[in-house]
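One letter stands for each residue in the lines below.
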Amino acid sequence: MALRPVQVNIKALDGLAVGRFWAEALGWSAYSPGVTTYVGPVGGIVWPDPVAVCIDVVPVPEPKTATKNRVHLDLVTTSAAHQAELVARRRALGATPAHVGQGDVPWTVLADPEGNEFCVLEPREIYQDTGPIAAVVVDCADPRAMARFWGEAMDWTLHEVTDDQAVLRSAKGVGPYFEFLRTPSVKTVPDRVHLDLLPYPGDDKAAEVARLRALGATDLDLGQGDAPWTCLADPEGHEFCVLAPS
């Protein structure tokens, strides 16, 4: 039994506009079959995508606070010229420079039109086969503890774990990485960006949720009511949802 990450959930005042931004930024398409805006590879909705971890933008009434998100995306480039081109194109789409204490680094930190931070990386060989999203990056206090929890929660392979970083990726060697970086930030508000997980066909969602609780996850009431998904938090309080198989 295990779960797989299928999408990054982003909250936004204007879900359609933010969804369109991310579709343009990634070279994907935005689809609005209901309340949310789903962003995935071109070619029509395929859910769950067999390779990509896609984006689901959910409209909410509250704007983002000044607090830096604890979850963000790192985006791929293939050369210095490509990096400069993509930064310029994303700024033309409405992204703005973001200052999160990064100092003099080779990557560029931007924010989407509602202030959600993301990084346009300098070329790195490790990410050249991931698709447009290199990694889903999570700030945490203890990468080793996060590796233990998430390594058990998902069927992804642990590639690296140190006191400063833990790195996981699909056991199939496709799609983005999932990275935990040791960061001194403290959680003060609900996460604006979180991960949605899905059981495999034939697996029991309730049993998976019980397994996660046994690993240290806790239940969350975010006002979701009688929803088909279950809201949980990992041992450091990062929110995530376990979705129901369709």
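Below or above, wherever it landed, is the structure these notes cover. (Residues numbered from 1 in each chain as written. Predicted model: local features only at pLDDT ≥ 70, side-chain atom pairs only at ≥ 80, totals over all residues. Heavy atoms only, no water.)

1. Focus: the sheet that holds strand β14 (residues 218-219)
This is how it is decided: Strand pairing is defined by DSSP finding a minimum of two bridges between the two strands. Put simply, DSSP H or I for four residues or longer makes a helix, DSSP E for two residues or longer makes a strand, and each gets a number counted from the N terminus.
The sheet built from eight strands is open, its strands ordered β2-β3-β4-β1-β13-β16-β15-β14 with mixed pairing. Every interior strand has two partners, whereas the edge strands, β2 (29-31) and β14, have only one. Examined bridge by bridge, strand β15 (residues 230-233) and strand β16 (residues 239-242) share four bridges and lie antiparallel to one another. The residue of β16 that forms the bridge with A233 is E239.

2. Regarding the packing of aromatic side chains
Put simply, the test is: Any two rings among Phe, Tyr and Trp, with Trp reduced to its six-membered ring, count as a pair given centres within 6.5 Å; such a pair is stacked if its planes are under 30 degrees apart, edge-to-face if over 60, and tilted if neither. Buried means the residue's accessible area, taken with a 1.4 Å probe over protein chains only, is under 20% of the maximum for its type, while exposed means over 50%, and partly exposed covers the values in between. Either the NZ atom of lysine or the CZ atom of arginine qualifies as a charge over a ring when it sits within 6 Å of the ring centre and within 35 degrees of the ring normal.
Within the structure shown, the criterion is met by 11 aromatic pairs. An angle of 90° between the planes, with centres 6.4 Å apart, marks the rings of W156 and F178 as edge-to-face. In this pair, W156 is assigned in the loop between α3 (143-153) and β10 (157-161) and F178 in strand β12 (residues 177-182), connecting sequence segments 22 residues apart. The exposure class assigned to W156 is buried, which follows from its relative accessible area of 12%. Each residue in the set F149, W150, W156, F178, F180 and F240 is aromatic and connected to the rest through ring pairs, giving one cluster. Geometry around Y200 places R4 over its ring, the cationic atom sitting 4.5 Å from the centre.

3. Focus on helix α1 (residues 15-26)
Condition: A helix is expected to span 1.5 Å multiplied by its residue count minus one.
The end-to-end C-alpha separation of α1 is 16 Å, in line with the 16 Å expected for 12 residues at 1.5 Å each. Just past α1, the residue G27 takes up positive phi, approximately 75°.

4. Let's talk about the pattern of salt bridges
Stated precisely, the cut-off is as follows: For this analysis, a salt bridge means a side-chain nitrogen from Lys or Arg found within 4 Å of a carboxyl oxygen belonging to Asp or Glu.
Counting across every chain of the model gives nine salt bridges. A salt bridge links K64 to E117; the shortest N-O distance between them is 3.3 Å. In this pair, K64 sits in the loop between β4 (54-59) and β5 (71-75) while E117 sits in strand β8 (residues 117-120), placing the two residues 53 residues apart along the sequence. For K64, a relative accessible area of 18% translates into the label buried. Residue D191 pairs with R70 through a salt bridge whose shortest N-O separation is 3.2 Å. Pair noted here: D191 is in the loop between β12 and β13 (193-199) and R70 is in the loop between β4 and β5, with a separation of 121 residues, a long-range link. R70 shares its class with D191; the two are buried.

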